[in-house]
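A look at the structure
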Amino acid sequence: MKFGILLLGVFLSVSTTLFSQEQDYLWPTSASPYLSSTFGETRAAHFHAGIDIKTWGREGYRVFATKDGIIHRIGIFARGYGRVIYLKHTDGTYSVYAHLQRFRDDIQSYVDSVRMINHQFEIDLEVHSLNIQVGQGEVIGYTGSTGIGPPHLHFEIRNEHDEPINPLLTNLAVPDNIPPRISSLQVFPLSDSTLIEGVKSPRIYYPEGNTRIPIQASGPIGLAVSVSDGANEVTNRYAVFELGLAQQEDTLFYQKIDQFNFEETETMFLDRYPAPGQHQRSYQKLFKTDGPEIPFHEIIESQSIIIPQDSTSTYEVFAKDIYGNTTKIHVEVIRSSATGLGTTEIRPPHKWHWTEDWVTHTGFSAMNLEQFDFGIEWDSSSQQQILPHGESLYLFDRILPEKHSRIRTPDQNLQVHFTPNTFFDTLTVALTTGFIDEQHYIAIHPASKIARKNYKVEYYFSKNFNPEVTYQLFKIDRNRDRLIHMDSYMIGRTLHGWPDEIGEFLVLPDSTGPELSSPSIKETSYGTWVVEISAIDSLSGINYQESSIIVNGKKGITEYDFEEDKLIYIHPGFTPKKENIIQVTAKDKAGNHVTSTYQM
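Read on for an overview of the structure. Computed from a prediction, not measured in an experiment: that's the story for all the values here.

What counts and how
In this convention, every chain numbers its residues from 1, walking through the sequence in written order. The model is predicted, so local features are restricted to residues of pLDDT at least 70 and side-chain atom pairs to those at 80 or more, both for listing and for counting; the totals for chains, interfaces and linings are taken over all residues. Side-chain metrics in this entry use all non-hydrogen atoms of the structure; hydrogen atoms and water are not considered. Numbering of helices and strands runs from the N terminus, with a helix taken as a DSSP run of H or I at least four residues long and a strand as a DSSP run of E at least two residues long. Note on classification: 1.4 Å probe, protein chains only; a residue is buried when its accessible area is under 20% of the maximum for its type, exposed when over 50%, partly exposed between these limits. Asp and Glu are treated as the negative residues and Lys and Arg as the positive ones, with His and the ends of the chain left uncounted. One speaks of a salt bridge when a side-chain nitrogen belonging to Lys or Arg is within 4 Å of a carboxyl oxygen belonging to Asp or Glu. Contact definition: two residues touch when any of their heavy atoms are within 4.5 Å. Each pair of strands is called paired provided DSSP finds at least two bridges between the two strands. Note on geometry: axes are lines fitted to C-alpha atoms, helical ones only across the stretch in contact, with angles between N-to-C directions running from 0 to 180 degrees. Cavities and pockets were defined on a 1 Å grid built over protein atoms only: a cavity is a set of grid points that admits a 1.4 Å probe from which the probe cannot escape, a pocket is an open set flanked by protein on both sides within 12 Å along at least five of seven lines, and lining residues are those with an atom within 4 Å of any such point. Grid points are joined across faces, edges and corners, and a volume is the space filled by probe spheres set on the points. Under the convention adopted here, Pro, Cys and the residues Ala, Val, Leu, Ile, Met, Phe, Trp and Tyr are nonpolar, Asp, Glu, Lys and Arg are charged, and Gly plus all remaining residues are polar. Nine residue types can take part in a nonpolar core, namely buried Ala, Val, Leu, Ile, Met, Phe, Trp, Tyr and Cys, and a core is a set of them joined through side-chain atoms within 4.5 Å. The patches reported here contain residues having more than 30% relative accessible area and no salt bridge. Joining distances are 9 Å for like charges and 5 Å for nonpolar side chains (Val, Leu, Ile, Met, Phe, Trp, Tyr). Here, Shrake-Rupley sampling with a 1.4 Å probe gives the accessible areas, and only protein chains in the shown set may cover a residue. Note on aromatic pairs: the rings of Phe, Tyr and Trp (six-membered ring only in Trp) are paired at centre separations within 6.5 Å, and the planes decide the class, stacked below 30 degrees, edge-to-face beyond 60, tilted for the rest. The rule is short: NZ of Lys or CZ of Arg within 6 Å of the ring centre and within 35 degrees of the ring normal puts a charge over the ring.

**A few points about the side chain of K54**
Position of K54 relative to the elements: it lies in strand β2 (residues 51-54). Among buried charged residues, K54 stands out as having no salt bridge; its nearest opposite-charge side chain is D52, 10 Å away. Residues in contact with K54, not counting those within four places in the same chain, are A31, S32, Y34, L35, S36, V234 and N236.

**Section: the environment of P349**
Inspection of the secondary structure puts P349 in the loop between β23 (326-335) and β24 (353-354). Distance from P349 to S534, taken between C-alpha atoms, is 39 Å for residues 185 residues apart in sequence. Not counting residues within four places of it along the chain, the set of residues in contact with P349 comprises W354, H389, Y394 and H445.

**Side note on the sheet that holds strand β43 (residues 548-551)**
Read from one edge of the open sheet, four strands run β44-β43-β47-β48, paired in antiparallel fashion. The open sheet has two edge strands, β44 (554-555) and β48 (593-599), and neither has a second partner. Relative to strand β47 (residues 581-587), β43 is paired through four bridges, and the arrangement is antiparallel. Paired with I549 across the strands is V584, a residue of β47.

**Re the pattern of salt bridges**
Side chains that differ in charge, positive against negative, can pair when their charged atoms come close. The tally for this structure, following the rule as stated, stands at 25 salt bridges. Its salt-bridge partner being D106, residue R104 comes within 2.9 Å of it at the nearest N-O pair. As far as the burial class goes, R104 and D106 line up, both buried. Between R398 and E370 there is a salt bridge; the shortest N-O distance is 4.0 Å. Of this pair, R398 sits in strand β29 (residues 392-399) while E370 sits in the loop between β26 (366-368) and β27 (376-379), and the two are 28 residues apart along the sequence. The network of salt bridges with shared partners includes R83, D112, R115 and E559.

**Brief notes about the sheet that holds strand β32 (residues 427-436)**
A sheet is described by the order of its strands in space; here eight strands give the open sequence β27-β28-β29-β32-β33-β39-β35-β36, paired in antiparallel fashion. Only two strands of the sheet have a single neighbouring strand rather than two, namely β27 and β36 (482-486). Neighbour to neighbour, the strand axes of the sheet diverge by 30 degrees on average, direction disregarded. Note that strand β35 (residues 471-477) and β36 share five bridges and pair antiparallel. Its bridge partner being in β36, D477 is matched across the sheet by R482.

**Considering unusual backbone geometry**
In this chain, G149 is followed by P150 through a cis amide linkage whose omega measures -5 degrees. Topologically, P150 is positioned in the loop between β9 (139-143) and β10 (152-158). In this structure, the amide linkage connecting H445 to the following residue, P446, adopts the cis form with an omega of 10 degrees. Within the secondary structure layout, P446 lies in the loop between β33 (439-445) and β34 (456-460). The phi angle at N421 is positive, at roughly 65 degrees, despite the residue not being glycine. You can see N421 is positioned in the loop between β31 (414-418) and β32. A relative accessible area of 43% places N421 in the partly exposed class.

**Some remarks on empty space enclosed by the protein**
Following the criterion strictly, the structure yields two cavities of 30 Å³ or more and no others. Reported here for the largest cavity is a volume of approximately 130 Å³. Lining the largest cavity are 16 residues, and of these T38, L168, D229, A239 and I322 sit closest to its centre. Residues belonging to the lining of the largest cavity are distributed by class as follows: ten nonpolar, three polar and three charged.

**Overview of the nonpolar core**
Side chains of nonpolar character tend, in soluble globular proteins, to be buried together. Grouped together as the largest cluster of nonpolar side chains are 55 residues, with contacts concentrated most on I71, V111 and L567. Element by element, the count of residues in this core is highest for helix α2 (residues 105-118), at four residues.

**A closer look at a nonpolar patch on the surface**
Together, Y489, I491 and W498 make up an exposed nonpolar region whose accessible area comes to about 300 Å². Examined against the element boundaries, W498 turns out to sit in the loop between β38 (494-497) and β39 (504-509). By relative accessible area, which is 36% here, W498 ends up partly exposed.

**Description of the packing of aromatic side chains**
Following the criterion strictly, the structure yields 26 aromatic pairs and no others. Ring-pair connections join several aromatic residues into one group, and the members of that group are F39, F47, F260, F262 and F296. Directly above the ring of F562 sits R79, whose terminal nitrogen or CZ lies 3.6 Å from the centroid. A cation sits over an aromatic face here: R102 above Y142, 3.9 Å from the ring centre.

Have a look at this one:
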């Protein structure tokens, strides 16, 4: 409480601006008038809730209050927004300023004083009740790269319900007379009998300057486009503002990226699709599907699912930016009589085309996942089937979203638990275990489908087990050729893991602590002293919450920079001596730790 009273006194002496009821937005930084990202773009698990303003790879530009208001919330997070300030304006709306290098000095001093109580890195402070007033144009912080790099300012405008709206729908603007670009079209089979150019898998077409794309198909199909926008004087690519599908005078599908609420953000997974065999969801769908409503979709007609006819039907795909610059392509669809032109080669499951109700495992062969008309019956009571594939046995099971499901492989080594509403809709999953280069391997397909929350994996080591080491669960990211650590721990010979995605996994030993390099003492460009030390753990990663630095007997705030792989010591009163003793303890997510003492 005493910190709040102290802060209130400081701020009342700083600003006594008279607030106006009607006020345009001020561009929130001196860095540049250009964007690196815009509203509604696809992120790893959500829609982008604001605009990113370019800072040309540099930090420290001034950040201004875009309108009169009060400081509503202040946060420091290792990931996500990093250092962030939320303002509430006199009209009830909000603005958000994220990835800051630092706050204004008086704000930073207050936040650090609170953090020093428990020497904590991350903090989330609701300060609305303190009525800390700021005027339009007042400096509140400085641009940086905290939370996620490279350097830029993430800026949001939210309505009175705390829902993000597109900032470019206000008086804020960027120079732009460049039309969007439709780089490719993906055509999806929407039944297990659909053939596109003779195969039962999605096909990609590239306009390459041709505004007409001919498609031959039989059975229902859906269209999706990889589309981006540009702006003057920059090379960045953005999300388009409007996107649609029309036939003659009828609009069959239309979306406008204007606003959404955070409860809807996971619907990004239903709106954006990856290319075959890829993970990045770069295609925006233009057809009707089952599932929850998507906030940007304003028109979705059943005719957006295209049924090819004997004569050519022409459809127009249009993309428009917020300033009206427009691009169009025309898709000419005709029924094809071609059958079975695809390869009979059996592809690995991570390259199959999975849907909720069927899966294509060769170029023209599909398995029905509702009727389970394939493989060997394993458990008739739960409709489980076993399918031999290469040297592996895959166990298939149908998961109902409203029920708890437990699946155990025939060898009893793997057990998976899905709680209700793990998935958006009914889904068939396929499980197997094995070895890759003598390492334990787990596969839970289809990797292209999204888990809405964590689920539990229990893996029993029937062989190749060393009781002297710690094992952890890692997801295989084939697109980026990397491993991603999943929360996991050992009890006896059983690994318990909590993945947040389905896909392929390795169980690997991790008994080595992080690697530390010699620390350095630095004076920042804004006059404070810090200690930095490289801390790298190539497997499970650094557990920054349980790592610490003590300098000259004084424990400070230990932050972690994921971009630079370094621990950072911050103490409001730190000034280096001629000789300094630095004690560093770094812990990884597997529980391994290393402690070193340096004299500098």
